[in-house]
Amino acid sequence: RRMTVYTPAGYETSGKRYPVFYLLHGSGGDEEAWMDLGRTAQIMDNLIAQGKCKEMIVVMTNGNAWQQCAPTHLGGRAMQHYRNGKQGEPTFVESFGDVIKYVEDNYRVIRKREYRAIAGLSMGGGHTFQISREYPKMFDYVALFSAAVRGFNEPNTQQALKAQRDNGFKLYWIACGKDDFLYKLNRDYMAYLDTISFPYTWRESDGGHTWRNWRIYLSELAPMLFVK
């Protein structure tokens with residue numbers, strides 16, 4: 001599967017190792033959505049140039065696990081999509097460890113949880129919600145933008161959230177617009193988090209399920225990442 005990877009100015013010659021921020025798209029998007037519609041490169045370039053956030057690598061994946069990949073160069077055949085052998089369910093979440101391994105093997109990143117962050121919008125927010133539980137010792141920074149946080153009432157999920165709480169983290173950031181169709185779901189999710197004393201930061205904005213909001217959330221989140 002393809003990924004889009006943003007590297008800060010000077011990466012090629014600096015020799016330094018950088019924090020890594022995994023940024024996930026929503027339904028209907030792909031690995032280019034955050035660059036084309038989210039203006040990630042422009043936002044990160046400006047924040048870094050102004051000294052408002054740390055230099056970091058941003059990894060934008062293709063999370064459409066139920067679709068076939070782009071054709072390979074070997075015979076022009078389409079690659080198989082990831083599927084769970086038992087139930088036929090997409091396994092983007094379970095296979096995310098492969099993404100992390102690839103990035104850490106091929107880019108100069110710092111291989112410590114305090115230098116890893118993950119965030120996503122809508123479907124990608126749901127993926128972030130799941131991945132951060134599946135890998136509870138992997139990320140110190142987690143952010144959900146208008147997230148599809150479905151299934152938090154399930155016993156296994158609640159048990160995993162408690163384990164995530166107990167493992168600790170530096171930031172768990174939830175943002176949603178008041179007119180977003182997922183607003184109530186996010187409020188219900190936070191009401192559950194309150195019952196288990198799960199620490200989070202809530203960012204409520206005007207507007208709905210739009211890129212205007214998600215670009216703002218990115219510009220506000222990035223300065224919070226990797227701050228000691």
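Note: the structure precedes this text.
Residues numbered from 1 in each chain as written. Predicted model: local features only at pLDDT ≥ 70, side-chain atom pairs only at ≥ 80, totals over all residues. Heavy atoms only, no water.

A. Here's a closer look at the pattern of salt bridges. For the structure shown, the criterion picks out eleven salt bridges. In this structure, K178 engages D206 in a salt bridge whose closest nitrogen and oxygen atoms are separated by 3.0 Å. With a gap of 28 residues between them, K178 in the loop between β6 (171-177) and α7 (183-195) and D206 in the loop between β7 (201-205) and α8 (211-221) connect regions that are remote in the sequence. Look at K178 and you get partly exposed, because its relative accessible area is 43%. Here E204 ties to R187 by a salt bridge, and the two come within 3.3 Å at their closest N and O atoms. One end of the pair, E204, is in strand β7; the other, R187, is in helix α7, and 17 residues separate them in sequence. Residue class for E204 comes out partly exposed when judged on its relative accessible area of 31%. (Salt bridge = Lys/Arg side-chain N within 4 Å of Asp/Glu carboxyl O. Helix = DSSP H or I, 4+ residues; strand = E, 2+ residues; numbered from the N terminus. Buried < 20%, exposed > 50% of the residue type's maximum accessible area, 1.4 Å probe, protein only.)

B. Representation of the nonpolar core. By size, the foremost hydrophobic cluster in this structure holds 34 residues, and its most contacted members are Y22, F96, Y172 and Y189. Listed by contribution, the elements that provide at least two residues to this core are β2 (20-24), β3 (57-61), α4 (96-106), α5 (123-134), β5 (141-145), β6 and α7. Beyond its immediate stretch of four places on either side in the chain, Y189 contacts F129, L144, V149, F152, L161, Y172 and I174. Among the nonpolar cores identified, the runner-up in size contains 31 residues, and A33, I48, V58 and F226 belong to it. (Core = buried A, V, L, I, M, F, W, Y, C linked by side-chain atoms within 4.5 Å. Contact = heavy atoms within 4.5 Å.)

Remember that the coordinates give geometry; whether it matters functionally is a separate question.
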